[in-house]
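An overview of the molecular structure
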Amino acid sequence: MPHPLISQIRFTRSELQRGLAGLTDTEARQRFEPMNCISWNIGHLAWQEQYYWLQRCQGQLLLPEIAEQFRFGAAASTPELAAIWEAWNTISAAVDPWLDTLTDADMQRLPQGPEPGTTLIGTLCLRMIYHYWYHLGESMAIRQMLGHANLPNFVGNMDVVAP
């Protein structure tokens, strides 16, 4: 059984997918400045997962283009939705086995990879969860600006999915 914070990361990921279901490529690439478009937000979250869990903790860089195009401070772009979901899924699948190994003790330590930094792994988990919710809210606002109605209510069924 994964650590409770990892269950929350997975729940948050599933809420991102639920909140963006049915979005077309054209809609995902629509930009309402100064916000980035929804597909960029997905790429940015993929960057964070890769940066925290693969680069910082394990010294791996799976998709260099994600690190370049979607890092904090990267230029705005309007990537193709299917390609960015594929990258997000690839990174999520790559980090999950490592996340499954984390214990309470691990949450209280610094990453052991080449970029340990000064932030505990548990704090990185919380930052990731909050970052997902930030961009999910922003993406839902964009969907409303696109005229979408009957959008999912948040938060979903956390009591069952991630108690």
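A brief look at the structure comes next. (Residues numbered from 1 in each chain as written. Predicted model: local features only at pLDDT ≥ 70, side-chain atom pairs only at ≥ 80, totals over all residues. Heavy atoms only, no water.)

Moving on: helix α3 (residues 38-58). Across its 21 residues, α3 extends 28 Å between first and last C-alpha, which sits within 8% of the 30 Å expected from 1.5 Å per residue. Most of α3 sits out of view: 19 of its 21 residues are buried. G59 sits one or two positions beyond α3 and adopts a positive phi of about 70°. (Helix = DSSP H or I, 4+ residues; strand = E, 2+ residues; numbered from the N terminus. Expected span 1.5 Å × (residues − 1). Buried < 20%, exposed > 50% of the residue type's maximum accessible area, 1.4 Å probe, protein only.)

Each neighbour pair has its own omega, and for E33 with P34 the value is 10°, a cis peptide bond. Note that P34 resides in the loop between α2 (25-28) and α3.

What follows concerns the packing of aromatic side chains. What the rule picks out here adds up to six aromatic pairs. Relative to F70, the ring of W40 lies with its centre 6.0 Å away and its plane at 55°, an arrangement referred to as tilted. Remark: F70 occurs in the loop between α4 (64-69) and α5 (81-99) and W40 occurs in helix α3; sequence separation between them is 30 residues. Both residues of the pair, W40 and F70, belong to the buried class. These aromatic residues form a ring-pair network of at least three members: W47, Y51, Y52, W53 and W98. (Phe/Tyr/Trp six-rings, centres within 6.5 Å; stacked < 30°, edge-to-face > 60°.)

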